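Results of the structural survey
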Amino acid sequence: MKTETKLLVADDWDDYALLDSGHLQKLERFGSQTVIRPDPQAFWEPARPVETWRADARFSSKNNDEDGSGNWEILSPKAQDTWPMRWNGLTFNARRTAFRHMGVFQEHSVHWRFAQEQIRTAGRPINALNLFGYTGMMSLACATAGAEVVHLDASPKSNGYGKENQSLSGLDDKPIRWIADDAMKFTAREIRRGNRYDGIILDPPKFGRGPKNETWRFEENLPELLDTVRDLLSDQPRFVILTAYAVRLSYLALAQALADRLKPFGGTMEMGEMALPQKDSDRLLPTAIYARWHADA
């Protein structure tokens, strides 16, 4: 298996921009709305003093935990609860949530485009499984490229937003199954049912709960989930994407754990960090680590 280390920079957006960052905060534009959010990695000096930043809303919390809850302070009468955004022909709704998220993880556009390329160049029908799928942008990207998609998230609300985004994008005729379930239980059942996938995407949280209060802990449960992913792959798999946030792991650890399961397939393992480019600057804001595999052409 070949290995490559890459820094993936999400520089393919018109509707998103990182306007400034520093002093553990970031100023961002999501479509028509501008927000200020904490960021534990932005401990450098901002381009402009933070007190001069102008935004429609600011998120604050008691700590800098990526998944910690907090409150939004409305700073402008133009602030909206929900508003449309676009990426590469897809339309979706952005929204402020109680956990600082905005209804989209914009840095993942690097993987949306990668998955689309793998699907379009396969030369055959592709079945894709999107685990921890959130509001469905990866699922929509795969579907527009021609894949049949199973989208799974433990949150019925997130799945509802995903279906909403599917309609906004005019993709109601695309084959996407939206499932609210625990990832470990669902994948085990899929193996027993004999279902297999050509592409699998995993974006697990550091900690989470399933719809029946099942507990997910990244370091404890990921090895078992990766075993399950291996068993769910078809005889000719096309790609696997794994991302991780706010965990005490290197991208080397992710890639080597994934490579252990995928050695029989050969192919290429890519690994590294994901980042967002800051407008009018050479600064990059790191966001996550990743490992992704694809079959040889």
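Residues numbered from 1 in each chain as written. Predicted model: local features only at pLDDT ≥ 70, side-chain atom pairs only at ≥ 80, totals over all residues. Heavy atoms only, no water.

Now for the overall build of the chain. Of regular secondary structure, the chain possesses 6 helices and 18 strands. Computed over the C-alpha atoms, the radius of gyration of the chain is 19 Å, within 12% of the 19 Å expected from 2.2 N^0.38 for a compact globule of 297 residues. Along the longest, intermediate and shortest principal axes, the C-alpha atoms of the chain span 55 × 40 × 40 Å. For the chain, the proportion of its 297 residues judged to be buried stands at 54%. With an accessible surface of roughly 13500 Å², the chain has 47% of that area assigned to carbon and sulfur atoms. Both charge centroids of the chain, one from 38 positive and one from 41 negative side chains, sit 3 Å from each other. (Helix = DSSP H or I, 4+ residues; strand = E, 2+ residues; numbered from the N terminus. Rg over C-alpha atoms; globule rule 2.2 N^0.38 Å. Buried < 20%, exposed > 50% of the residue type's maximum accessible area, 1.4 Å probe, protein only. Areas by Shrake-Rupley, 256 points an atom, 1.4 Å probe, with all protein chains shown as cover. Lys, Arg positive; Asp, Glu negative; His and termini not counted. Charge placed at Lys NZ, Arg CZ, Asp CG, Glu CD.)

With that out of the way, let us pick up the packing of aromatic side chains. By the definition in use, this model includes 11 aromatic pairs. An angle of 40 degrees between the planes, with centres 6.3 Å apart, marks the rings of Phe43 and Trp44 as tilted. In this structure Phe43 comes out as exposed when scored by relative accessible area, which is 65%. An angle of 45 degrees between the planes, with centres 5.0 Å apart, marks the rings of Phe105 and Tyr134 as tilted. In this pair, Phe105 is assigned in the loop between strand S9 (90-95) and helix H1 (109-120) and Tyr134 in the loop between strand S10 (127-131) and helix H2 (137-144), connecting sequence segments 29 residues apart. Assessed through its relative accessible area of 21%, Phe105 is described here as partly exposed. Judged by relative accessible area, Tyr134 falls into the buried class, the value being 18%. (Phe/Tyr/Trp six-rings, centres within 6.5 Å; stacked < 30°, edge-to-face > 60°.)

Spatially, S3-S4-S5-S6-S7 is the arrangement adopted by the 5 strands of the open sheet, whose pairing is mixed. Each edge of the open sheet carries a strand with a single partner, namely strand S3 (16-22) and strand S7 (71-74). For this sheet the average axis-to-axis angle between neighbouring strands, irrespective of direction, equals 20 degrees. (Pairing = 2+ DSSP bridges. Axes fitted to C-alpha atoms, helices over the stretch in contact; angles between N-to-C directions.)

It is worth spelling out the packing of H1 against H2 at this point. Geometry of a packed helix pair, given as the angle between the helix axes and the separation of the axes. Relative orientation of the contacting elements H1 and H2 amounts to 25 degrees, with a least axis distance of 8 Å. With respect to their mutual orientation, H1 and H2 come out roughly parallel. Handedness of the H1/H2 crossing: right-handed. Residues His111, Trp112, Ala115, Gln116, Ile119 and Arg120 of H1 lie in contact with H2, whose contacting residues are Met137, Met138, Ala141, Cys142 and Thr144. Here the contact of H1 with H2 is composed, by residue class, of 7 nonpolar, 3 polar and 1 charged. (Parallel < 35°, antiparallel > 145°, perpendicular 65-115°, else oblique. Left-handed = near helix turned anticlockwise from the far one by under 90°. Contact = heavy atoms within 4.5 Å. Nonpolar A, V, L, I, M, F, W, Y, C, P; charged D, E, K, R; others polar.)

Its location among the elements puts Arg48 in the loop between strand S5 (33-38) and strand S6 (57-60). Put simply, Arg48 and Asp20 are 28 residues apart on the chain and 7.5 Å apart in space, counted from C-alpha to C-alpha. Residue contacts for Arg48: discarding those within four places in its chain leaves Asp20, Leu27 and Trp53.

Attention now goes to H1. Residue pairs three or four apart in sequence face the same way in an α-helix, which turns once every 3.6 residues. Here H1 contains 12 residues, and its C-alpha end-to-end distance of 16 Å stays within 8% of the 16 Å for a straight helix at 1.5 Å per residue. Taken across its 12 residues, H1 has 9 buried, putting it largely inside the fold. Of the residues making up H1, those classed as buried are Ser109, Val110, His111, Trp112, Phe114, Ala115, Gln116, Gln118 and Ile119. (Expected span 1.5 Å × (residues − 1).)

So, on to the nonpolar core. Counting residues in each nonpolar core, the largest one holds 49 residues, and the members touching the most others are Trp13, Phe30, Met85, Trp112 and Cys142. The dominant element in this core, judged by the number of residues it contributes, is H2, at 6 residues. By size, the runner-up hydrophobic cluster in this structure holds 35 residues, among which are Tyr197, Leu225, Ala244 and Leu258. (Core = buried A, V, L, I, M, F, W, Y, C linked by side-chain atoms within 4.5 Å.)

Once that is clear, we can look at the side chain of Arg261. Examined against the element boundaries, Arg261 turns out to sit in helix H6 (residues 251-262). Side-chain polar atoms of Arg261 contact the side chain of Asp227, separated by 2.9 Å. Residues contacting Arg261, with those up to four places away along its chain left out, are Pro223, Leu226, Asp227 and Arg230. (Polar contact = N/O pair within 3.5 Å; in protein donor to acceptor, adjacent residues only side chain to side chain.)

To continue, consider the pattern of salt bridges. All chains considered together, the criterion is met by 18 salt bridges. The partner of Arg261 in a salt bridge is Asp227, and the shortest N-O contact between them spans 2.9 Å. You can see Arg261 sitting in helix H6 and its partner Asp227 sitting in helix H5 (residues 218-232), a full 34 residues away along the chain. The exposure class of Arg261 is buried, given its relative accessible area of 12%. (Salt bridge = Lys/Arg side-chain N within 4 Å of Asp/Glu carboxyl O.)

A positive phi angle is found at Arg100, which is not glycine, with a value near 70 degrees. Inspection of the secondary structure assignment puts Arg100 in the loop between S9 and H1. Taking the relative accessible area as the measure of exposure, Arg100 reaches 3% and is therefore buried. Unusually for a residue other than glycine, Ala246 sits at a positive phi of about 55 degrees.

What follows deals with the pairing of strand S4 (residues 25-30). Within a regular strand, the side chains alternate between the two sheet faces. When S3 meets S4, the two strands line up antiparallel, connected through 6 bridges. Within S4, the position partnered with Gly22 by the bridge is Gln25. Hairpin connection, S3 to S4: the antiparallel pair is bridged by 2 residues, and His23 has positive phi, about 55 degrees. Adjacent in sequence and paired antiparallel, S4 and S5 are bridged by 2 residues, among which Gly31 carries a positive phi angle near 60 degrees.

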